[in-house]
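# Commentary on secondary and tertiary structure
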Amino acid sequence: MMSLEVLKNNRDALLLAEVAALLHDWQKCIDMAVASQWSKNRRLASTSKPSEWQRRGSYLRPGEFALALSSISLQLDSNSSIDLKTLCEEGRNPSSAKSHSNPLVSLLGACHAQAHVDKELGEQEQIEEACDWISTAFGFEDVQPVELLQPLLDKVRPLLNRVSYSNRTNLLSKIREVFSNAWGDTRRPINEVTLWDWGYAVSALYKSVLAAKLIQAGTSRWRLLRINFDVLALYAKAIKVADLLGYQRVVDKACETVKQLVEEEYPLGNEIYRDSTGIYFTFPDLDLPADLAQEIRHRVESVEMELAPRIAVTVGDGTTATDQLKSILGKARKEALEALAQPFDSQQLSACWQQQWTTVGAGQWEVCPVCRLRPMREGKEACETCMQRRMSRIKTWESDPAQTIWIDEIADHNDRVALIVGRFGLDDWLSGDLVQTMLVKAVQNNPKDCVPKNPSPARLRRVWETCQRFWTETVEREILARHHCYGAQNPSLRCARLLLTPDKTSGWRENVPYDGVVNGGAISLLWRKDGQQFITISNLELAGDIQPGQTIFVSEPDRPQQISFVVQSKAQATGKMGAYTPCLRLLASPDQFLALVPAAAALEIAKNIRQEYQKQFGKVQNRLPLFLGLVFFQRKISLTAVMDTALRMLAAPLKDELWKVGQDVTSGQVKFMNDVEWNIPTVMGDGTTPDNWYPYFFFSGTPGCAQHYFQHNGSWLVHVNDLKQGNEVKVIPSRFTYLFLETTARRFRFDPERDVMLLDELPRLMKMWDDLKGSGITDTGLRNVQALLERKGETWGRKSKEFEHLAHTTLKEAGLFKRKDQNGNSLPDVVTPQDVVSGRFARCLELHLYILKLKIKES
């Protein structure tokens, strides 16, 4: 890699410049009162001793950090040497930095201007009163900043004197810890970009442009380097959870390996995005060097040959750097998806696969059923590589056994599991288009003076990071952690593990799961050689109360003969092994989420995900849709079929529709003529400030009496509170679907047009079941009603008037419709004829009676 050796030789200087760019706006960590006093006493702060700072109070403490920066010198070449304090202070003002004699300052100023295009208005122009909240990218304010100067002094300052290749990761982690809780700006509505978002965007651009300067190539523009893998296709090959987790590990490791090469060994740029299509970096304005592409491929293939990376550089559209940066991420992702749609291209030509088959030696060999590439000895479960991948997951589990890797532990008391499939419709947000449907400046009755938000690098980062944090923090750490045991029949057994001592302790294979039967129920065991005991790795609700003296029959995966042993003693596993969380996240990228959960808890989890989505994304739910799918299956069904079903769900289109408003809107309460009701938040986090920037609808036609409205790409957007009865608006509704894989072939019958419903119908399905439980109807009576309606619906057609009349009569006779109390007063309907005709009644019963195996009298 001779052409890039200059980067390696200047690596420490480039990494120091990266840190300087990250820190260049560090003063935003200072409390406003302290900042004001420090500004007045700047000269004293720069000359006084630390003891003098302490004596004069906290208003001089920023000088401690400024002094630390001033003691660090950055020199990239003989003509550009500067201390970090000067670089930060002079580079953060683009107008003056532009004409600075030191190119390090002028380039930092240029990067500041490009990354901070989100400040569409001047620093002094009033947008709104300064607020005490940090907002998400979509106007949800739930975080109030804290005083961060002391954490900056305690956590970041001590690491500044040794910025290098070896401590970069730790230093960036500490900066992120502090800056993620700091404002980029205190004024609404540009309080959504944190100081970390801003600083990281500047540093990524700065690093790439300095790299271009060193290798004397390109201009002050940027491209994106993308390394793409078809992650979901890899997951779809998995036969066992351990296979899937193994692929998860190698994808993460490959991304980190490339990250180390591009960000540290040959500092060319920084990661700016990662999802199930791969990883993306800022890159200088030059074509991809062949030796770099070769080295990236070599690094990825050294982790896992199956990844088959697609490596390319994307050039942004537009005549200016600003225009190119607005849309380049969306373009790069689109190119990646197009490339990955082709199962093979010339980049993947490799002789290694053929060599593996020509050097296998004597014996009977067949294709490995997991990777589908390598040779496997006949009679084995998988090839050596795939088996090693499985074993590595067991070792990882032993270090953190509270996080299960066993699908047997996830299964509910009916031995059923659910895969949660989540997806955000992010494409038009990452392209920058829909970012411009939110406002920086809203002017009443004057759409021409309204100013839309610009899709700057910092803001785009905030968009996808908000979505990713929804999956990792809200869904995984809060909802799954809180509801994973919902529906458990025996909570004391649900998440427990037992240690069982058998009557014979020889011949057992370590790290091989044994499937068995006890008390007529399923049990799974793992042999622990050190303790000469089995540990249970399944939901003990299935096995019941295990006692010494009982016989357990087990079999090994690749040895069909059955073995039995008698339990000599049992004990509760203690310490980290004592309990586990019965859910497992498989994928959490900004646009997609996959997790295995107990089937009994799946609906409750889906309900809570929807509630949090409406809370956090409610202001843009009409243009940022959420797709939620549930794949229910028996524990022993093929995981390959489960993942294939997930892929089919993720491919379901999220289409826009025209909906009519049913009545004039007040306070964000929207009722559409299709009976969908939305409660759109119309105030900010303080509960009083009107939100005139986020909750807008695409309007069909020309707004009439609206007060807040503006145009984007020829379409009108109208504030939600200005919508009137009869208005037609364009929405991209959120969707919900489910499928029960009774057999692996069932997945081929999934039809996104027939089987996908509105996400807003989910609460109705769950409420209908709750109402049925309190209606007084028996299980037998309910099944009779269902059988009659299903039979006649198929014969007469669900849309016929005769069938609707039958539904009306049947529901009324069953006491589910047009009910009366003892005094003749009307009671709320449990099920309506419309529920029957639309299929909601059938879906409700399918979910609760057949999939979850609930009963009216027991629920």
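As a starting point, this report considers the structure included with it. No experiment lies behind these values; they were computed from the predicted model shown.

### Here we look at the pairing of strand β26 (residues 696–699)
As defined by bridge partners, β26 adjoins strand β28 (residues 715–719) across four bridges and the pair is classed as antiparallel. Residue F697 lies in a different strand from β28, and its bridge partner there is V718.

### A closer look at the packing of helix α12 (residues 195–214) against helix α21 (residues 457–483)
Interhelical geometry of α12 versus α21 gives an angle of 125° and a closest axis separation of 8 Å. Relative to α21, the element α12 lies oblique. As α12 runs across α21, the sense of the crossing is right-handed. Facing α12, whose interface residues are W196, D197, W198, Y200 and A201, α21 presents P457, A458, R461, R462 and E465. Looking at the contact of α12 with α21, its residues break down into six nonpolar, no polar and four charged.

### What about the sheet that holds strand β21 (residues 592–598)?
The strand order across the open sheet built from six strands is β20-β21-β11-β22-β30-β31, with neighbouring strands paired in mixed fashion. Pairing within the sheet leaves two strands with one partner each, and these edge strands are β20 (584–588) and β31 (757–758). As judged from the four bridges shared by β20 and β21, these two strands associate in the antiparallel manner. Bridging across to β21, R585 finds its partner in A595. Along the sheet face, helix α31 (residues 840–851) touches β11 (416–424), β22 (626–634), β30 (735–741) and β31 and points at about 40° away from the line of β30.

### Here we look at the nonpolar core
With 142 residues, the main nonpolar core has F179, Y206, I227, L419, L594 and F633 as its most contacted residues. Per-element accounting of this core gives the leading share, twelve residues, to α12. Each residue touching L419, except ones within four places of it in the same chain, is listed here: L586, L594, A595, L596, G629, L630, V631, F633, V642, M643 and A646. In this structure, I328, F424, A588 and M757 belong to the second largest nonpolar core, which totals 91 residues.

### What about empty space enclosed by the protein?
Taken as a whole, this structure holds five cavities of 30 Å³ or more when the rule is applied. Approximately 200 Å³ is the volume found for the largest cavity. Breaking the lining of the largest cavity down by element, the ones donating at least two residues are α12, β5 (222–228), α16 (321–340) and α21. In terms of residue count, α21 provides more of the lining of the largest cavity than any other element does, five residues in total. Its residues assigned to classes, the lining of the largest cavity shows 14 nonpolar, one polar and two charged.

### Regarding α16
What sets the pattern is the α-helix's 3.6 residues per turn: residues three or four places apart point alike. Given a rise of 1.5 Å per residue, 20 residues ought to cover 28 Å, and the 28 Å separating the end C-alpha atoms of α16 matches this to within 8%. The axis of α16 is deflected most strongly, by about 45°, at I328. A321, Q324, L325, I328, L329, G330, A332, R333, A336 and L340 are the residues of α16 that are buried.

### Points about the packing of aromatic side chains
In the structure shown here, the tally under the stated rule is 30 aromatic pairs. Ring geometry for F424 versus Y613: centroids 6.4 Å apart, planes at 40°, classification tilted. In this pair, F424 sits in strand β11 while Y613 sits in helix α24 (residues 599–617), placing the two residues 189 residues apart along the sequence. Judged on exposure class, the residue F424 and its partner Y613 are both buried. Their ring planes at 45° and their centres at 5.5 Å tell us that W659 and W678 sit as a pair that is tilted. Highlighted residues: W659 in strand β23 (residues 657–660) and W678 in strand β25 (residues 677–679), separated in sequence by 19 residues. Look at W659 and you get buried, because its relative accessible area is 4%. Here a set of aromatic residues connected by ring pairs shows up, and it is made of F138, F424, W429, F470, W471, F593, Y613 and F617. A cation over a ring is seen here: R389 above Y247, with NZ or CZ 4.4 Å from the ring centre.

Basis of the calculations
- Residues numbered from 1 in each chain as written.
- Predicted model: local features only at pLDDT ≥ 70, side-chain atom pairs only at ≥ 80, totals over all residues.
- Heavy atoms only, no water.
- Pairing = 2+ DSSP bridges.
- Helix = DSSP H or I, 4+ residues; strand = E, 2+ residues; numbered from the N terminus.
- Axes fitted to C-alpha atoms, helices over the stretch in contact; angles between N-to-C directions.
- Parallel < 35°, antiparallel > 145°, perpendicular 65-115°, else oblique.
- Left-handed = near helix turned anticlockwise from the far one by under 90°.
- Contact = heavy atoms within 4.5 Å.
- Nonpolar A, V, L, I, M, F, W, Y, C, P; charged D, E, K, R; others polar.
- Core = buried A, V, L, I, M, F, W, Y, C linked by side-chain atoms within 4.5 Å.
- Buried < 20%, exposed > 50% of the residue type's maximum accessible area, 1.4 Å probe, protein only.
- 1 Å grid on protein atoms, 1.4 Å probe; cavity = no way out; pocket = protein on both sides within 12 Å on 5 of 7 lines; lining within 4 Å.
- Points joined across faces, edges and corners; volume = space filled by probe spheres on them.
- Expected span 1.5 Å × (residues − 1).
- Bend = angle between axes of the 7 residues up to and from the residue.
- Phe/Tyr/Trp six-rings, centres within 6.5 Å; stacked < 30°, edge-to-face > 60°.
- Lys NZ or Arg CZ within 6 Å of the ring centre and 35° of its normal.

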